[in-house]
Amino acid sequence: MLEIIKSRKNEAVKLAAKLVDSASFRRKKGLFVVEGARLCCDAALSNIEIISVYFTLAAQAKYEAYIAKIMQRCHFCQLVEEHVAQILSTTKSSQGVFCVCRIPDESHKLINMNPSGMYVALEQIQNPANLGAVLRTAEALGISGILLLGDCCDIYSPKALRAGMGAVFRLPCYMEKDTAVAVKQLQNMGFTAMGAVPAETAQSILTTHFSKPTVLLIGNEGNGLTETAIKACDISVTIPMKGRAESLNAATSAAILMWEMVRSKIQQKPEETSCR
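Here we summarise the structure given alongside this text.

Procedures and definitions
- Residues numbered from 1 in each chain as written.
- Predicted model: local features only at pLDDT ≥ 70, side-chain atom pairs only at ≥ 80, totals over all residues.
- Heavy atoms only, no water.
- Helix = DSSP H or I, 4+ residues; strand = E, 2+ residues; numbered from the N terminus.
- Buried < 20%, exposed > 50% of the residue type's maximum accessible area, 1.4 Å probe, protein only.
- Contact = heavy atoms within 4.5 Å.
- Pairing = 2+ DSSP bridges.
- Axes fitted to C-alpha atoms, helices over the stretch in contact; angles between N-to-C directions.
- Core = buried A, V, L, I, M, F, W, Y, C linked by side-chain atoms within 4.5 Å.
- Disulfide = S-S within 2.5 Å.

### Focus: the environment of Val53
Move 1: Relative to the helices and strands, Val53 is located in strand 3 (residues 50-55).
Move 2: Judged by its relative accessible area of 0%, Val53 is buried.
Move 3: Along the sequence, Val53 and Ala163 sit 110 residues apart, while their C-alpha atoms lie 21 Å from each other.
Move 4: The residues touching Val53, leaving out its near neighbours within four places in the chain, are Ile70, Cys74, Phe76, Cys77, Gln78, Val97, Phe98 and Cys99.

### Structural notes on unusual backbone geometry
Move 1: If you check the backbone angles, Asn47 has positive phi at about 65° while not being a glycine.
Move 2: As for its placement among the helices and strands, Asn47 is situated in the loop between helix 3 (37-45) and strand 3.
Move 3: Judged by its relative accessible area of 64%, Asn47 falls in the exposed class.
Move 4: Although it is not a glycine, Met165 sits at a positive phi angle of roughly 50°.
Move 5: Mapped onto the elements, Met165 comes out in the loop between helix 8 (158-164) and strand 8 (173-176).

### Overview of helix 3
Move 1: Burial analysis of helix 3 places seven of its nine residues in the buried class, which makes it a mostly covered element.
Move 2: Taken together, the buried positions of helix 3 are Ala37, Leu39, Cys40, Cys41, Asp42, Ala43 and Ala44.
Move 3: As for helix 3, its buried residues are in contact with strand 2 (31-35), strand 3, helix 5 (64-73), strand 5 (97-102) and helix 8.
Move 4: Downstream of helix 3 by one or two residues, Asn47 has phi in the positive range, about 65°.

### Structural notes on the sheet that holds strand 4 (residues 74-80)
Move 1: If you walk across this open sheet you meet the five strands as 1-4-3-5-2, and the pairing is mixed. The outermost strands of the open sheet, each flanked by one partner alone, are strand 1 (4-5) and strand 2.
Move 2: Of the strand pairs in this sheet, strand 2 and strand 5 are connected by five bridges, and their pairing is antiparallel. Bridge pairing links Glu35 to Phe98 in strand 5.
Move 3: On top of the sheet, helix 1 (residues 11-21) reaches strand 1, strand 2, strand 3 and strand 5; it is set at about 90° to strand 2, its chief contact.

### Side note on the nonpolar core
Inside soluble globular proteins, nonpolar side chains tend to come together where they are buried.
Move 1: Residues Phe32, Val34, Val97, Leu122, Ile146 and Phe169 are the most contacted members of the largest nonpolar core, which totals 59 residues.
Move 2: No other element matches helix 11 (residues 250-267), which puts seven residues into this core.
Move 3: Not counting residues up to four positions away in its chain, the partners in contact with Leu122 are Leu131, Val134, Ile146, Leu147, Leu148, Leu149, Cys152 and Ile218.
Move 4: Of all hydrophobic cores here, the second largest spans 19 residues; its members include Leu110, Leu149, Ala202 and Val215.

### So, the state of the cysteines
Move 1: Applying the stated criterion to the full structure yields zero disulfides.
Move 2: A disulfide-free cysteine, Cys173 has its sulfur positioned 10 Å from the sulfur of Cys152, the nearest such atom.

### Details of the sheet that holds strand 8
Move 1: Spatial strand order, 8-7-6-11-9-12-10: seven strands in an open sheet with parallel pairing. The sheet is open, and its two edges are formed by strand 8 and strand 10 (203-204), each paired on a single side.
Move 2: In terms of strand pairing, strand 6 (residues 118-123) meets strand 11 (residues 214-218) through five bridges, oriented parallel. Each residue of the ladder has a partner; that of Leu122, found in strand 11, is Ile218.
Move 3: Packing of helix 7 (residues 128-141) onto the sheet brings it into contact with strand 6, strand 7 (145-149) and strand 8, and relative to strand 7 it is tilted by some 155°.

### Regarding the pairing of strand 11
Where a strand is regular, its side chains alternate between the two sheet faces.
Move 1: Judged by how many residues are buried, strand 11 sits mostly within the fold: five of five residues are covered.
Move 2: Note that strand 9 (residues 192-196) and strand 11 share four bridges and pair parallel. Within strand 11, the position partnered with Met194 by the bridge is Leu216.

Note that all results are geometric; they support no functional claim without further evidence.
Written out as structure tokens, the structure reads:
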């Protein structure tokens, strides 16, 4: 039978708690924490390397099937008391199951992108819930991957992981600090770079065709794309809107734009050979 960790001062627990709280510590250690029975099991089934799993006695009884699958894939298993589990949780009603996972090898360089794919690039996204929602929608719609440009929030933050519902475990993510450099490299690889802007002068996404490999850039929640990004793109596109709303939530905009990308690609006629 597994021993139970009874102290919050346990070194392994303290490390996990710091991983939950600090993005810089996650990057330094190359580790992140997943909370929740289903999400932890999803990580295991998605071939994410699980260093350790912690769970309470109540969780062991309630989520036995999930935990059994997790334990088959992890290096170390440990029971923890309820008050110890509390310092690992960022939810109001914790399920009492936590995994410490290794951040996948960052081999996702831009050069490794699918040259015939459809991608979404997020520039300086700061809300982890928005980021997670975009990842979840992107996976559902079959988008090839996500690019994070500039200073975006951490895709391995607890809020982003919950909102993404495990999408980050399977969807390729690429990172580049310099937007202009990234866009130029993408263009040299044959991608068309489209910048999403709330401007009537931009081309409507409803009439935009995606006959070439495309990267669609979406900007920060408050300020949209930077001028640098807009100027670097081949074309600006917009979501036509009625009413008095000037813009949409970043995750909502991304969902509409990604749907139009996929829909246009499916309905595209064979003779259409250029982006307009």
